[in-house]
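Structural overview
Here is how the chains run, residue by residue.
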Amino acid sequence: MLTAFLLLLAVGTLSGCSAAPAPTPSNTAVPVPTATAAPTETPPVFASNDEALAAAKAAYTKYLSLGDSAGATDSDSWEEYLSLTTGTEHDGAAQVGKLMEEKGWSFTGVTLFDSMTIQSSRALPDSTWEIRTYLCLDLSSSDTVNDAGDSVIKNDEPRSPMIVVFVTPDKNSRQLLISESPIWSGSNFCS
Amino acid sequence: MVRFKLLLVISALAAMALTLAPSTPSHADLKDCTFSQKKVGVCPDGPKTGGIANGGSVELTADSTSGSSGTGTSSHPRRGRGGTVAAAPPRVCANGDPAKPGIETIPCGNGSFLPFSRNPTAAVPCTVCSPDTIVRVSDLQDFPAHPAPTSMEPGGWAIVGLAANFWAGPSAQLGEGLLLGQPAQVMFTPIGYHWNYGDGTTTTTTAGGASWDNLSLAEFTTTPTSHTYVEKGTFTVVLTVDYHADYSFGDQGWRPVEGTVTVPSTPITVVTARESTVLVAEDCNANPRGPGC
């Protein structure tokens, strides 16, 4: 009878144990059970390549869209556009803004991309996250025009391959900044 | 009345001892071209970019505005293309093996997916670029293969008699540099993972493994790369990865390098402990100083 009672008690309280809150660090001399430690590397900001790809697509879509519509280099919209970039991408974008203002050029239409593919998605030594992608930039629906509205650029190949690199600004962030667009000098896989 | 509660207590917990191996392929010689630079035609030569519609002076103007941007277009050799546009090169994709594990591929335009390739072809004819050139592993001094990052769970410790899971991070690598004096790319593809679990047990796997979560397995489940320790103690786990290498001079396609490159990863220290079941008077979470806790 007593055995049965104890058994019942034990079973009844086991579930209570498992539902117990996670232990808090304490200075007790006796070890307390802790939840399984996280893997020793930095927990991935993007758990899978699919997740990274979705985030990169969203970030680049926004970047192109803001780039198409950004106003003069002293406008808020320009600042917002530049704020999506860092490093050499930032320098490159800023140069273009200056050049276009000097020349009186502007963008028309929409800049598109497709076929984005993840090359790598990983934590950097400083615990920020880097995603490298390939994509096809599609300039067929956009143009660069001068004050008179005439096209100033001749694009024989409206679809061109690019490598685009994204980084998170700090280690727990999921925000992606465009950091560089290294030249793709291989054959054009987009045409 | 004293209420008894059972708690599973792991008798020892270990500090995490793993560090992520630095893995930074060389991209130092790359130049950049943002989408907006493409749109205004100031990018350095590529095989596919358009030219300036009315004369080439804009290219120089843009270069002169690059100022302090160290990796901008200013250091790139100018080709003096003027208003003409070089004929697009034939559409040839790098012909590596897209079935290799860990190699990222790109859409090649005709429905196939082939490995990443760039065209660092020198202006002068390349004497070693012949398909007959045999490149050996010993020629790859300029292309260090980086150690694969390794991870384990639980982090840094294991329970005697239960599986601890180990896995290697993505380790396929692409490097750029001089090979036999010519600009080239070398691609390292992992072909074998040798696990030395530090207790005299070794395993060789063809895949790098993955976390329980990624494998959709319960914790402490046996995986192809897991190991079950039978002794208490501290063990050093070393992963050694065998890489096959391929090289490419420009767009001439990937060719295999003779030999195998073996790279040890940063060791992981694992402390193993026995689990035991103890009877305690209260919930040790609520009262760590309770009897039995």
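See the structure shown above.
To start, this report covers the structure provided alongside it. (Residues numbered from 1 in each chain as written. Chains lettered and ligands numbered in written order. Predicted model: local features only at pLDDT ≥ 70, side-chain atom pairs only at ≥ 80, totals over all residues. Heavy atoms only, no water.)

Here we look at the sheet that holds strand 5 (residues 150–153) of chain B
Residues and elements named next belong to chain B. Strand order in the open sheet formed by 3 strands is 5-7-11, with antiparallel pairing between adjacent strands. In this open sheet, the two edge strands, each paired with only one partner strand, are strand 5 and strand 11 (227–228). As paired strands, strand 5 and strand 7 (residues 163–168) are joined by 4 bridges and run antiparallel to one another. Paired with glutamate 153 across the strands is asparagine 165, a residue of strand 7. (Pairing = 2+ DSSP bridges. Helix = DSSP H or I, 4+ residues; strand = E, 2+ residues; numbered from the N terminus.)

So, unusual backbone geometry
That bond from Glu153(B) to Pro154(B) is cis: its omega, -5°, falls within 30 degrees of zero. As for its placement among the helices and strands, Pro154(B) is situated in the loop between strand 5 and strand 6 (157–159). Phi is positive for Ser115(A), which is not a glycine, with a value near 55°. One can find Ser115(A) in strand 2 (residues 112–123). In this model, Ser127(A) sits at a positive phi of 75°, which is unusual for a non-glycine residue. Classification of Ser127(A) by relative accessible area gives buried; the value is 16%. (Buried < 20%, exposed > 50% of the residue type's maximum accessible area, 1.4 Å probe, protein only.)

A closer look at the environment of Pro161(A)
Position of Pro161(A) among the secondary structure elements: in strand 6 (residues 159–167). With 25 residues separating them in the primary sequence, Pro161(A) and Cys136(A) have C-alpha atoms 4.5 Å apart.

Looking at helix 2 (residues 49–69) of chain A
Here helix 2 of chain A is 21 residues long and its end C-alpha atoms lie 30 Å apart, about the 30 Å a rise of 1.5 Å per residue gives. What helix 2 of chain A keeps buried is the set Ala52(A), Leu53(A), Ala55(A), Ala56(A), Ala59(A), Tyr60(A), Tyr63(A), Leu64(A), Leu66(A), Gly67(A) and Asp68(A). (Expected span 1.5 Å × (residues − 1).)

Observations concerning the side chain of Asp32(B)
The topology assignment puts Asp32(B) in the loop between strand 1 (5–10) and helix 1 (35–39). Arg132(A) provides the closest opposite charge to the buried, salt-bridge-free Asp32(B), at an N-O distance of 7.7 Å. Engagement of the side chain of Asp32(B) in a polar contact is seen with the side chain of Thr88(A), the distance being 3.4 Å. (Lys, Arg positive; Asp, Glu negative; His and termini not counted. Salt bridge = Lys/Arg side-chain N within 4 Å of Asp/Glu carboxyl O. Polar contact = N/O pair within 3.5 Å; in protein donor to acceptor, adjacent residues only side chain to side chain.)

Notes on the environment of Asp138(A)
Residues and elements named next belong to chain A. Residue position: aspartate 138 is located in strand 3 (residues 129–138). On the basis of relative accessible area, aspartate 138 is assigned to the buried category, the value being 11%. Residue contacts for aspartate 138: discarding those within four places in its chain leaves Thr111, Leu112, Phe113, Asp114, Pro158 and Arg159. Polar side-chain contacts of aspartate 138 include one of 2.5 Å to the side chain of serine 140. (Contact = heavy atoms within 4.5 Å.)

Observations regarding the state of the cysteines
Residues and elements named next belong to chain A. Summed over all chains, the structure comprises 1 disulfide over all chains. The disulfide that involves cysteine 136 links it to cysteine 190, with 2.0 Å between the sulfurs. The chirality of the disulfide connecting cysteine 136 with cysteine 190 is left-handed, given an S-S dihedral of about -90°. Here cysteine 136 is found in strand 3, whereas its partner cysteine 190 is found in the segment after strand 7 (177–180), with 54 residues between them in sequence. (Disulfide = S-S within 2.5 Å.)

Here we look at the sheet that holds strand 7 of chain A
Two pairing modes exist for strands in a sheet, parallel and antiparallel, and in both the strands are linked by backbone hydrogen bonds. Residues and elements named next belong to chain A. On the basis of which strands lie adjacent, the open sheet formed by 4 strands has the order 2-3-6-7 and antiparallel pairing. Edge strands, defined here as strands with exactly one partner in the open sheet, are strand 2 and strand 7. Going across the sheet, the axis of each strand differs from the next one's by a mean of 35°, ignoring polarity. (Axes fitted to C-alpha atoms, helices over the stretch in contact; angles between N-to-C directions.)

As for a negative patch on the surface
All names here are of chain A. A cluster of acidic residues, Asp74, Asp76, Glu79, Glu80, Glu101 and Glu102, forms a negative patch at the surface. Listed by contribution, the elements that provide at least two residues to the negative patch are helix 3 (76–82) and helix 4 (87–103). Examining the composition of the negative patch, we find that 3 residues originate from one element, helix 3, more than from any other. On the secondary structure map, glutamate 80 appears in helix 3. (Patch = residues over 30% accessible without salt bridge, like charges linked within 9 Å, V, L, I, M, F, W, Y side chains within 5 Å. Areas by Shrake-Rupley, 256 points an atom, 1.4 Å probe, with all protein chains shown as cover. Charge placed at Lys NZ, Arg CZ, Asp CG, Glu CD.)

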